[in-house]
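Here is what each chain is made of, one letter per residue.
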Amino acid sequence: MKVHRPRSPRFRRLVVAGAALTALAVVAACGGGSKTDSSSGSATTGSADAVDAALKAGGEITYWSWTPSAEAQVKAFMAQYPNVKVNYVNAGTGNDHYTKLQNAIKAGSGAPDVAQIEYQALPQFALPGSLADLNQYGFSQYESAYTASTWAAVHAGSGLYGLPQDSGPMALFYNKEVFDKYGIAVPKTWDEYVAAGKKLHAANPKAYITNDSGDAGFTTSMIWQAGGQPFKTDGKNISINLADDGSKKWTGTWNNLVEGGLVSQIPGWTDEWFKALGDGTIATLPTGAWMPGVMESSVKAGAGKWRVAPMPTYDGQPATAENGGSTESVLKQSKNPALAAAFVRWLNHDEGVKPFLASGGFPATTKDLKDPAFVDKASAYFGGQKINQVLTGAADNVVKGWSYLPYELYANSIYGDTVGKAYQSKSDLNAGLKSWQDALVTYGNQQGFQVNG
């Protein structure tokens, strides 16, 4: 299945140059310009009929993706449309993928017709005009087919730059065996979660309620769940407020865990982390709905021990956020954008969704989220629990109004040097967020944005 992993320290260092290049392009795009891609000469005008006509005529396109379902999807597509050849390329994940994509865009040639792009990264490619606006092909008609949060995530301004592939509504994954051993009830509020963390660590100083050594994606998702809207963009004007009510609400809870030494600082996605999930050292994970496949494949020692519950909230009322997820976008550099758009439609709206689900992906399509065969499927790994009942419920409770920075990849790259220091010293996260905000304001203004914060 596709995994949206936290960025490594190596990624944080290497992505800065590419992010700066993209940010400069974003500013140029925000200032206006032609609707024609000068690198390829292809215009952005099109029509709904053009997509069907291109599919009938056939041709050749190139597709960059890292999702494990990509090969099966491409094979199924070409079996259904033998007059279309799709060249599948796995250009890498994270930094490798985005650096190669940005270099091809800068060079004016070599970019794929279709590329997978994470929701958080989409504005950095959409706003400079590197992606085709799919509104021209009538794709706005598919809005009702997707969850509200993922549909919002494929937009930048008024443009539609993909169809959602998956979603990552957050839920609480917890080790029932550990909870039962120490008499801990499944927390429904964050206050109860902190209390559970204190009780667990007091009973077993080697056990922790969760791990968190500082991760930008987790932080922004948690602020999102708390109702925060720290990033707002209107053209070249950006406001950043990492001390808004939602941010304060989250730090007010999480500081108790970080400053109290109640969270493990084992880094995520390491061998030590997988081991800790299996042996009870880490008792919960507040994370995205894509996590079950990861645990089944990489935490075999946890089989039968883990369960899934709704995310704790601040007032006991259902609320969650997205954590991870991506789309497929048509590059403006494409010589056959209508055919590329047809492929995107097939991938994420038509038959292509089936092989994606078969590979363990968590859908963004409302039809699949309501399908009894998906919702009521029992999971042997999770003790026979019908976990998708919880996860699909989470998809309905994502807090609205969230948006990312137009240089989110850069923001994530410097997180460890700002907020990360608060984790290392087990000190006030508000100070770390302030340091992060100051750096983001400075950087944005250097890139030509008008940033207030």
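Going by the annotation in an unreviewed UniProt entry, the name recorded for the protein chain is Carbohydrate ABC transporter substrate-binding protein (CUT1 family), with Kribbella pratensis given as the source organism.

(A) Examining the overall build of the protein chain more closely. A tally of regular secondary structure across the protein chain gives 20 helices and 15 strands. Taking 2.2 N^0.38 as the reference for a compact globule, 453 residues should give roughly 22 Å; the C-alpha atoms of the protein chain span a radius of gyration of 22 Å, in line with that estimate. Counting only C-alpha atoms and orienting by the principal axes, one finds that the protein chain spans roughly 65 × 50 × 35 Å. Across the 453 residues of the protein chain, 57% fall into the buried class. For the protein chain, long-range pairs separated by at least 24 residues make up 78% of all intrachain contacts whose partners lie at least 6 apart in sequence. Counting only carbon and sulfur atoms, one obtains 50% of the accessible surface of the protein chain, whose full area is about 17,700 Å².

(B) Local environment of the domain arrangement of the protein chain. According to the domain assignment, the protein chain consists of domain 1 (48-168 + 324-370) and domain 2 (170-321 + 382-451). The gap between the C-alpha centroids of domain 1 and domain 2 is 28 Å. Taken residue by residue, the interface counts 14 residues in domain 1 and 18 residues in domain 2. Between domain 1 and domain 2 lies a buried interface of about 1,300 Å² when both sides are counted; carbon and sulfur atoms form 66% of it. Here domain 1 and domain 2 share four residue pairs in polar contact (both at pLDDT 80 or more) between them. Counted by class, the side of domain 1 that touches domain 2 contains seven nonpolar, seven polar and no charged residues.

(C) Up close: the layout of surface pockets. If you add up the space inside the second largest pocket, you get close to 530 Å³. Taken together, 23 residues form the lining of the second largest pocket, with Leu357, Gly360, Phe374, Lys377 and Asn388 sitting closest to its centre. At the level of elements, α12 (291-298), α14 (353-358), α16 (372-375) and α17 (387-395) are the ones that each hand at least two residues to the lining of the second largest pocket. Of the residues that constitute the lining of the second largest pocket, the class distribution is 13 nonpolar, six polar and four charged. Here the lining of the second largest pocket gathers at least three residues from each of two domains, domain 1 (48-168 + 324-370) and domain 2 (170-321 + 382-451).

(D) Spotlight on the nonpolar core. Membership of the largest hydrophobic core comes to 54 residues, with the highest contact counts inside it found for Ile240, Trp254, Tyr407, Trp436 and Leu440. The greatest single-element share of this core, amounting to six residues, is contributed by helix α20 (residues 429-446). If we ignore the near neighbours within four places in the chain, the residues touching Trp254 are Trp190, Tyr193, Thr210, Asp212, Phe218, Met222, Tyr423 and Leu429.

(E) Broad picture of the sheet that holds strand β14 (residues 326-330). The strand order across the open sheet formed by five strands is β2-β1-β3-β14-β6, and the pairing between neighbours is mixed. The two strands at the open ends of the sheet, each matched to only one other strand, are β2 (84-89) and β6 (163-164). Pairing geometry for strand β1 (residues 59-64) and strand β3 (residues 114-118), over two bridges, is parallel. Bridge pairing links Trp64 to Ala115 in β3. Against the sheet, helix α4 (residues 94-107) contacts β1 and β3, and its axis sits at roughly 130° relative to β3.

(F) Just unusual backbone geometry, in detail. The backbone of Trp269 sits at a positive phi, close to 65°, despite the residue not being glycine. Counting through the fold element by element, Trp269 comes out in the loop between β11 (263-264) and α11 (271-279). Phi angles above zero are rare outside glycine, and Lys426 is one such case at about 50°. Relative to the helices and strands, Lys426 is located in the loop between α19 (419-425) and α20. According to the relative accessible area criterion, Lys426 is partly exposed, its value standing at 43%.

(G) Highlighting the pattern of salt bridges. Counting across every chain of the model gives seven salt bridges. Note that Asp180 is salt-bridged to Lys176, the shortest N-O span being 2.7 Å. Of the two residues, Asp180 and Lys176 both sit in helix α7 (residues 176-181), four residues apart, roughly one turn of that helix. Assessed through its relative accessible area of 49%, Asp180 is described here as partly exposed. One salt-bridge network, in which partners are shared between bridges, spans Asp52, Arg345 and Asp350.

(H) Expanded view of the packing of helix α2 (residues 48-57) against helix α13 (residues 337-348). Running from amino to carboxyl end, α2 crosses α13 at an angle of 95°, the nearest separation of the two axes being 8 Å. Between α2 and α13, the interaxial angle falls into the category roughly perpendicular. Of the residues in α13, those touching α2 at Ala50, Val51, Asp52, Ala54 and Leu55 are Ala338, Leu339, Ala341, Ala342 and Arg345. Grouping the constituent residues of the contact of α2 with α13 by class yields eight nonpolar, no polar and two charged.

Criteria and thresholds
- Residues numbered from 1 in each chain as written.
- Predicted model: local features only at pLDDT ≥ 70, side-chain atom pairs only at ≥ 80, totals over all residues.
- Heavy atoms only, no water.
- Helix = DSSP H or I, 4+ residues; strand = E, 2+ residues; numbered from the N terminus.
- Rg over C-alpha atoms; globule rule 2.2 N^0.38 Å.
- Buried < 20%, exposed > 50% of the residue type's maximum accessible area, 1.4 Å probe, protein only.
- Contact = heavy atoms within 4.5 Å.
- Areas by Shrake-Rupley, 256 points an atom, 1.4 Å probe, with all protein chains shown as cover.
- Domains from an automatic or database assignment.
- Buried area = accessible area lost by both parts, 1.4 Å probe.
- Polar contact = N/O pair within 3.5 Å; in protein donor to acceptor, adjacent residues only side chain to side chain.
- Nonpolar A, V, L, I, M, F, W, Y, C, P; charged D, E, K, R; others polar.
- 1 Å grid on protein atoms, 1.4 Å probe; cavity = no way out; pocket = protein on both sides within 12 Å on 5 of 7 lines; lining within 4 Å.
- Points joined across faces, edges and corners; volume = space filled by probe spheres on them.
- Core = buried A, V, L, I, M, F, W, Y, C linked by side-chain atoms within 4.5 Å.
- Pairing = 2+ DSSP bridges.
- Axes fitted to C-alpha atoms, helices over the stretch in contact; angles between N-to-C directions.
- Salt bridge = Lys/Arg side-chain N within 4 Å of Asp/Glu carboxyl O.
- Parallel < 35°, antiparallel > 145°, perpendicular 65-115°, else oblique.

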